[in-house]
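Here's the letter readout for the chains.
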Amino acid sequence: MKRSFCIIFALLATIAISAQEKKDKPSKPEYQFTTIKENPISAIGNQYRSGTCWCFSALSFVESELLRKGGKEVNLSEMWVVGHAYHDRAVKYVRMDGKMGFSAGSGFGDVFTVIDKYGIVPQDTYSGMNYGTELPEQAELDAVLKAYVDAIVRKPNKVLSTAWLNGYDGILKAYLGEYPADFSVDGVKYTPETYRDKVVKFNKNDYVNICSFSDTPWYEECPIEVCDNWRNFNGYNVPLEDLMRIIYNAIDNGYTVLWGGDVSEKGFTRQGIGVALKPEKKVKAGSDQEHWVGKDTEKKDTTTVAKLPEEIDEVTDSLRLDAYNRKMTTDDHGMHIYGYAKDQNGTQYFMVKNSWGENNKYKGTWYMSEKFIAFKTLNIAIHKDALPKDLKKKLNVK
């Protein structure tokens, strides 16, 4: 009896000591951010279970451009763009005999082209949610469209009928809804084209893509070689130093920046931090957010960063190219940079608007470190006047 008591007492003592040690062990510091510069943005969107970050981020950028010009805040229709982009992509896919990518993903230039070609409408006019859910859930639509165009590419009748594209557009109409020919906003009647010109005041020619690939000549246009760039847009190729200078120059002068890059590593967390850590394998799951940072967004973040400051000492052009060539940096996600801040240690971070709703620590904003952006950027899009004057001249951007 006494022996048993001693054993129990010893176990309890061990547990108590262990608990005290755990309690006394210093926890990792919380990030504390101080905003240095931020520019106006519209409300946070939620792409949910759809691969449409390219559209949400680019329209957010267009909405900020309107605010920068002194216009009112608008909420533009993502699915208007998605539907028209899917139409154009199907036409090209069939013409190319299926020898190109066909998926929900795309690029910023696709959004600009759709607005230029078809106009744009407000979200209230065209939600695109014609399939029974409140938020985008498009896996079924994506699968149906891919199966349809693949059947057409096989040419069962040897020669294509004149009906295939109407049939394809019928699928889009069933899922997204019929496109409005005209609509009214605040008592004023518009078409998609007049809304683009009179309200949004968007001109595709005002915007440029910038990339940074050290195996390609600097200060020349070069292809952005990712599968989702199905329209084959080029970017102006600049060294990393100039890429970062462009981003800061844009923000400091009231512009925002469209960002495309890699968010697959542990340094990009569900709670809203992005730091440059060593890469690890991608996560696969349901929603776009779950796909990159794991499930259970309400759960405490388990993908914490290792330390403050970051692990990678220096980002170089050669490091970036190596990660790109080895598929460690891939075309994962599009977001919208609108400012920058510092943490309590003086490390600088960009303030980035995401399209995963407000269910992270910073209500839809991610703080992505300067090194993360330097390492994981594939391309950016900006207003041409956001370029530093010397670079604008060097790139011959008019």
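Per chain, residue numbering runs from 1 following the sequence as it is written. Only residues with pLDDT of at least 70 are given local features in this predicted model, and only at 80 or more are side-chain atom pairs given and counted; all residues enter the totals for whole chains, interfaces and linings. Excluding hydrogens and water, the side-chain values take into account all heavy atoms of the structure.

**Concerning the pairing of strand 4 (residues 207-211)**
So, point 1. Buried means the residue's accessible area, taken with a 1.4 Å probe over protein chains only, is under 20% of the maximum for its type, while exposed means over 50%, and partly exposed covers the values in between. Secondary structure elements are taken from DSSP: a helix is a run of H or I of four residues or more, a strand is a run of E of two residues or more, and numbering for both begins at the N terminus. For strand 4, the tally of buried residues reaches five of five residues, placing the bulk of the element in the interior.
So, point 2. Of the two faces of strand 4, the one lined by Tyr 207, Asn 209 and Cys 211 and the one lined by Val 208 and Ile 210 are each fully buried.
So, point 3. As paired strands, strand 4 and strand 12 (residues 377-383) are joined by five bridges and run antiparallel to one another. Among the inter-strand pairings, Val 208 is bridged to a residue of strand 12, identified as Ile 382.
So, point 4. Strands are treated as partners if at least two bridges between them are detected by DSSP. Pairing of strand 4 with strand 6 (residues 234-237), which is carried by two bridges, proceeds in the parallel orientation. Note that in strand 6 the partner of Cys 211 across the bridge is Asn 237.

**Notes on the environment of Tyr 190**
So, point 1. Mapped onto the fold, Tyr 190 is located in strand 3 (residues 188-190).
So, point 2. Spatially, the C-alpha atom of Tyr 190 lies 9.0 Å from that of Val 121, the residues being 69 residues apart in sequence.
So, point 3. Contacts: residue pairs with any heavy atoms within 4.5 Å of one another. Setting aside residues no more than four positions away along its own chain, Tyr 190 makes contact with Asp 182, Phe 183, Val 185, Tyr 195 and Val 199.

**Quick word on the packing of aromatic side chains**
So, point 1. Think of it this way: a Phe, Tyr or Trp ring, Trp meaning its six-membered ring, pairs with another when their centres are within 6.5 Å, and the plane angle makes it stacked under 30 degrees, edge-to-face over 60, tilted otherwise. Following the criterion strictly, the structure yields 29 aromatic pairs and no others.
So, point 2. Where Phe 268 meets Trp 366, the ring centres are 5.7 Å apart and the plane angle is 10°; that geometry is what we call stacked. Here Trp 366 lies in strand 11 (residues 365-369) and Phe 268 lies in the loop between strand 7 (257-261) and strand 8 (273-274), a separation of 98 residues in the sequence.
So, point 3. According to the relative accessible area criterion, Phe 268 is buried, its value standing at 2%.
So, point 4. Look at Trp 366 and you get buried, because its relative accessible area is 0%.

**A closer look at the nonpolar core**
So, point 1. Here, the term nonpolar core denotes a set of buried Ala, Val, Leu, Ile, Met, Phe, Trp, Tyr and Cys residues that are joined through side-chain atoms within 4.5 Å. Within the largest apolar cluster, 51 residues are counted, with the highest numbers of intra-cluster contacts made by Val 81, Val 111, Phe 112, Ile 120 and Tyr 168.
So, point 2. Elements with a contribution of two residues or more to this core: helix 2 (53-68), helix 3 (78-95), helix 4 (108-118), helix 5 (139-153), helix 6 (164-176) and helix 7 (192-200).
So, point 3. No other element matches the nine residues that helix 3 contributes to this core.
So, point 4. Residues within four places of Tyr 168 in sequence aside, it is in contact with Tyr 86, His 87, Ala 90, Phe 102, Leu 145, Tyr 148 and Val 149.

**Concerning helix 2**
So, point 1. Any helix carries an expected span of 1.5 Å times its number of residues minus one. Across its 16 residues, helix 2 extends 22 Å between first and last C-alpha, which sits within 8% of the 22 Å expected from 1.5 Å per residue.
So, point 2. Burial runs high along helix 2: 15 of the 16 residues are buried.
So, point 3. Remark: Gly 70 follows helix 2 within two positions and exhibits a positive phi of approximately 95°.

**A word on unusual backbone geometry**
Among all residues save glycine, negative phi is the norm, and among peptide bonds the norm is trans.
So, point 1. Phi angles above zero are rare outside glycine, and Tyr 48 is one such case at about 50°.
So, point 2. Positionally, Tyr 48 belongs in the loop between strand 1 (34-38) and helix 2.

**Observations regarding the packing of helix 2 against helix 4**
So, point 1. Axis definition: a line fitted to C-alpha atoms, limited for helices to the stretch in contact. Angles are taken between N-to-C directions and run from 0 to 180 degrees. Here helix 2 crosses helix 4 at 60°, and the two axes come no closer than 8 Å. Between helix 2 and helix 4, the angle is such that the two are oblique. Note that helix 2 runs across helix 4; the crossing there is right-handed. Residues Trp 54, Cys 55, Ser 57, Ala 58, Leu 59, Phe 61 and Val 62 of helix 2 form the contact with helix 4, whose participating residues are Phe 108, Asp 110, Val 111, Phe 112 and Ile 115.
So, point 2. When residues are sorted by character, Ala, Val, Leu, Ile, Met, Phe, Trp, Tyr, Cys and Pro go into the nonpolar class, Asp, Glu, Lys and Arg into the charged class, and all the rest, Gly among them, into the polar class. Residue classes in the contact of helix 2 with helix 4 are distributed as 10 nonpolar, one polar and one charged. For this classification, under 35 degrees means roughly parallel, over 145 means roughly antiparallel, 65 to 115 means roughly perpendicular, and everything else is oblique. Crossing handedness follows the turn of the near helix against the far one: under a right angle anticlockwise gives a left-handed crossing, and clockwise gives a right-handed one.

**Observations regarding the pattern of salt bridges**
So, point 1. Only one rule defines a salt bridge in this text: a Lys or Arg side-chain nitrogen within 4 Å of an Asp or Glu carboxyl oxygen. As enumerated under the stated definition, the model contains 14 salt bridges in all.
So, point 2. Between Arg 231 and Asp 88 there is a salt bridge, with the nearest N and O atoms lying 2.9 Å from each other. Of this pair, Arg 231 sits in the loop between strand 5 (221-223) and strand 6 while Asp 88 sits in helix 3; the two residues are 143 residues apart in sequence, bridging distant segments of the chain.
So, point 3. For the salt bridge of Glu 265 with Lys 376, the shortest nitrogen-to-oxygen distance reads 3.0 Å. Residue Glu 265 is found in the loop between strand 7 and strand 8, and its partner Lys 376 is found in helix 11 (residues 370-376); the two are separated by 111 residues along the sequence.

**Considerations on the environment of Ala 90**
So, point 1. Within the fold, Ala 90 resides in helix 3.
So, point 2. As for Ala 90 and Leu 145, which are separated by 55 residues in sequence, their C-alpha atoms are 8.5 Å apart.
So, point 3. Leave out the neighbours within four places in its chain, and Ala 90 touches Phe 102, Val 149, Trp 164 and Tyr 168.

**Details of the pairing of strand 11**
Consecutive residues of a regular strand have side chains that alternate between opposite faces of the sheet.
So, point 1. Counting buried positions along strand 11 yields five of five residues, so the element is predominantly enclosed.
So, point 2. Alternating positions in strand 11 separate into two faces, Thr 365, Tyr 367 and Ser 369 on one and Trp 366 and Met 368 on the other, with burial throughout.
So, point 3. For strand 8 and strand 11, the ladder comprises two bridges, and the chain directions are parallel. Bridging from a neighbouring strand, Ile 273 pairs with Tyr 367 of strand 11.
So, point 4. Pairing analysis gives five bridges linking strand 10 (residues 348-353) to strand 11, with the strands arranged antiparallel. The partner of Tyr 349 across the bridge, within strand 11, is Ser 369.

**Topic: the side chain of Arg 196**
So, point 1. Examined against the element boundaries, Arg 196 turns out to sit in helix 7.
So, point 2. There is a polar contact of 3.1 Å between the side chain of Arg 196 and the backbone oxygen of Ile 115. Each polar contact in these results corresponds to two N or O atoms within 3.5 Å; when the atoms are within protein, one needs to be able to donate a hydrogen and the other to accept it, and residues that are neighboring in sequence are counted only if both atoms are side-chain atoms.

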